[in-house]
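A structural walkthrough
Below are the chains, spelled out letter by letter.
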Amino acid sequence: MYKQSVEDPGKFWGKIAENFYFKKHHEGEFFDYNFDISKGDVYIRCMEGATTNICYNCLDRNINNGHGDKIAFYWEGNDPMDSTSITYKKLLAEVCKFSNVLKSLGVKKGDRVAIYPMIMELVVAMLACARIGAVHSIVFGGFSAESLSGRILDAKCDILVTADGVYRGTKLINLKEIADEALELCTQGGHTVSSCVTYYFISSTSMQMVWNKDVDRSWKDLMQSASSECDPEWMGSEDPLFILYTSGSTGIPKGVLHHVTGYMLYAATTHKYSFDYHPDDVYFCTADIGWITGHTYITYGPLLNCATSVMVAFEGVPLFPDPSRYWAIVDKYQVSKFYTAPTAIRALMKFGEEPIKKYSRSSLRVLGTVGEPINPEAWMFYHTVIGNSKCSIVDTFWQTETGGHVLTPLPGCTPTKPGSATFPFFGIVPAILSDEGVELEGPAEGYLVFKQPWPGIMRTVYGDHQRFERTYFTKFPGYYVPGDGCKRDEDGYIWITGRIDDMINVSGHLLSTAEVESSLIEHNLVAEAAVVGKPHSVKGECLYCFVTILEGSEFTQDLVKELKEKVRHHIGAFGTPDFIQNAPGLPKTRSGKIMRRVLRNVAKGNRDLGDVSTMADASVVEVLFKNRVE
Ligand code: 6R9
């Protein structure tokens, strides 16, 4: 299948497309694209001319095939007593109702709708957007008001959908308050959101809610009177489906834009083959829908395959009510396919085997991982302890930009090696390039690139096509450059070695150093800041910040606290730095570039700095080692 997928991609994907409903079929070549910027604008189109609707394919098509009463989602609340489920038929009715609500608020095809997460209703809201052709832009619930407003402004969203609050462990987060602050910032930024639809999730009076009658609408009130029938909008293959922001190395997030048909085919196919999905499976992905993993592998992929999924109301590692929570859920629903992140596995390893062995986990067949390189120890723990040495481990490498898995083993088919994402998925042609852009053969290490398009690849950066070309297609014309380094071993296995740009991967979430640095520099005592990633036993990497303060001022623990709070406020809780150290001077090249490589070694306490001949003033390094914090 792989051979066919790369030799005749049109035939391969065309056959897969036959499983989906198209209102109008396409004619001509399956792909039309240019990857080579030296020959003109970069573009990718797939099945252009066909019309379809992804929501119709997720729901109506499955219902028409006789699966209306199948469970689409089992939902587990923060409190284990709080659980419910929804069938495909019921989900369609809810989606149609919310589609009509959106229409009544004036939302039309092509309009952008921001969604600041809540739970089952989030899936309803995103599918409703897809049904009427509106473009959803979901913002992860851990982001701050400032991050949320930046994203609403960039896409000029007219509507914001949110909830009053959510629980994280025992902590109640007042989402609406953050949303209100973000809307205020949007107005100050010159764009006023016309409606804010709030779902009362907590529905208790303990939450103080400010209600602005011009803008605020209640989800439940609007839904009550909405009809549960709504015809889908037939969308062109290359019409946009959603925007999802990802960190950019300049510090300004990029709105990754995915389009209807290519994304649909790729989400469904990767979900089917990477997890060896079968109709009687119960599938459980622990991600938050606010990230791409949630988009592709909670909502679209599983629904397109008519799967039954477990969805949980909490992100990160559930230690509530105890560290066995995942395994209690696995046994409760007889989960067969489980998908999580290395950071979660490492966090669970800390509690030992006992909380895991309390449950049988005998239903498990395939265990997936995503988000960052998985270290072999965590891989082995996943395999031997969590999977009782009888499950396939699938280490799936991909990005917001790729839409779905691009390197992954196929369960029961690819012999695995702990820590390697193994081989390309169908339709993916990787290569390893040297610094000079030469394709390296055999065992080699260099830049990971992809040579031809696949259906799920992003089409552009929202509102900035040049940035799309600059970021992914300029370094090596003719190739898509994801920004990761990799190694190929003597057996042809690919091993991701980490980011090659200034990105830090904290618990599977990418953060740009520039974004954190600009938050630090806003403090009036900070003259300069440089941020690097430091290896962390659970998070993979954590933020280690070097700050140079103004002459004559004092570096105190209060300042450290203020700076941490500042970054947290700008980015959100998950971006809070672990370490802030006083750096009277930073190592710079003679041209003034901060030498992050040196700082990474200082953070690690590694005195073997390599070649420092380009450093302007080598004496700063000794001081940095002296001020190091642990
Ligand atoms: C899906 C997702 C993308 C970046 C990517 C890479 C890292 C993701 C990985 C992995 C090694 C894996 N990454 N999966 N590195 N092995 N299996 O995480 O998307 O948030 O856009 O991050 O994450 O560095 O380039 P996104």
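Per an unreviewed UniProt entry, the protein carries the name Acetyl-coenzyme A synthetase and comes from Ciona savignyi. Of the comments in the UniProt record for the protein, the one headed Sequence similarities (unreviewed entry) reads "Belongs to the ATP-dependent AMP-binding enzyme family."

On to the overall build of the protein. A tally of regular secondary structure across the protein gives 20 helices and 30 strands. In terms of overall dimensions, the protein has C-alpha extents of about 70 × 60 × 55 Å along its principal axes. Of the roughly 24400 Å² that the protein leaves accessible, carbon and sulfur atoms contribute 50%. With 62 positive and 75 negative side-chain charges, the protein shows a separation of 2 Å between the mean positions of the two kinds.

For strand 29 (residues 540-549), a buried count of nine out of 10 residues is recorded, marking the element as mostly surrounded by other parts of the structure. Here strand 28 (residues 526-536) hands over to strand 29 after three residues, the two strands then running antiparallel side by side. As paired strands, strand 29 and strand 30 (residues 579-582) are joined by four bridges and run parallel to one another. Bridged to Tyr544 within strand 30 is Phe579. Following the backbone out of strand 29, through helix 18 (residues 557-571) and into the adjacent parallel strand 30, one traces a crossover that is right-handed.

The next point concerns the confidence of the model for the protein. Residue-level pLDDT values for the protein average 93, and 98% of them are 70 or greater. Here the predicted complex carries an ipTM of 1.00, next to a pTM of 0.91.

The next point concerns the packing of helix 13 (residues 342-349) against helix 15 (residues 376-386). Between helix 13 and helix 15, the least distance of the axes is 10 Å, while the angle of their chain directions is 75°. By the angle between their axes, helix 13 is roughly perpendicular relative to helix 15. Seen from helix 13, the contacting residues are Ile345, Arg346 and Met349; seen from helix 15, they are Glu377, Ala378, Phe381 and Tyr382. Counted by class, the contact of helix 13 with helix 15 contains five nonpolar, no polar and two charged residues.

Lining the immediate surroundings of the ligand are 17 residues, of which Asp395, Thr396, Thr400, Asp484 and Arg499 lie closest. The separation between a nitrogen atom of the ligand and a polar side-chain atom of Asp395 is 2.7 Å. Between the ligand and Thr400, the relevant distance is 2.6 Å, taken from an oxygen atom to a side-chain nitrogen or oxygen of the residue. Protein chains shield 96% of the accessible area of the ligand, which is 530 Å² for the free molecule. Mapped by element, the contributors of at least two residues to the shell around the ligand are helix 11 (292-304) and strand 25 (494-499). Here the residues of the shell around the ligand sort into seven nonpolar, six polar and four charged.

Partitioning the protein into domains gives domain 1 (1-22 + 29-100 + 111-484) and domain 2 (507-627). Taken over C-alpha atoms, the centre of domain 1 sits 32 Å from the centre of domain 2. The partner domain 2 presents 19 residues to the 21 residues of domain 1 that form the contact. Across the domain 1-domain 2 interface, the total number found is zero salt bridges. Joining domain 1 to domain 2, the criterion identifies 11 residue pairs in polar contact (both at pLDDT 80 or more). For the side of domain 1 that touches domain 2, the elements supplying multiple residues, two or more each, are helix 7 (145-155) and helix 13. At three residues, helix 13 tops the list of elements feeding residues into the side of domain 1 that touches domain 2. Class assignment for the residues of the side of domain 1 that touches domain 2 results in four nonpolar, 10 polar and seven charged.

Moving on, we come to the side chain of Lys254. Residue placement: Lys254 occurs in strand 15 (residues 254-259). Within polar-contact distance, the side chain of Lys254 engages the backbone oxygen of Ser247 at 3.3 Å. Filtering out sequence-adjacent residues up to four positions away, Lys254 remains in contact with Leu244, Tyr245, Thr246, Ser247, Gly248, Glu401, Val461, Arg467, Thr471 and Tyr472.

About the cut-offs
Residues numbered from 1 in each chain as written. Predicted model: local features only at pLDDT ≥ 70, side-chain atom pairs only at ≥ 80, totals over all residues. Heavy atoms only, no water. UniProt positions renumbered as here; feature names shortened; annotations may be inferred. Helix = DSSP H or I, 4+ residues; strand = E, 2+ residues; numbered from the N terminus. Areas by Shrake-Rupley, 256 points an atom, 1.4 Å probe, with all protein chains shown as cover. Lys, Arg positive; Asp, Glu negative; His and termini not counted. Charge placed at Lys NZ, Arg CZ, Asp CG, Glu CD. Buried < 20%, exposed > 50% of the residue type's maximum accessible area, 1.4 Å probe, protein only. Pairing = 2+ DSSP bridges. Right-handed = clockwise from strand over helix to strand, strands pointing away. pLDDT = per-residue confidence, 0-100. Axes fitted to C-alpha atoms, helices over the stretch in contact; angles between N-to-C directions. Parallel < 35°, antiparallel > 145°, perpendicular 65-115°, else oblique. Contact = heavy atoms within 4.5 Å. Nonpolar A, V, L, I, M, F, W, Y, C, P; charged D, E, K, R; others polar. Near = heavy atom within 4 Å. Polar contact = N/O pair within 3.5 Å; in protein donor to acceptor, adjacent residues only side chain to side chain. Domains from an automatic or database assignment. Salt bridge = Lys/Arg side-chain N within 4 Å of Asp/Glu carboxyl O.

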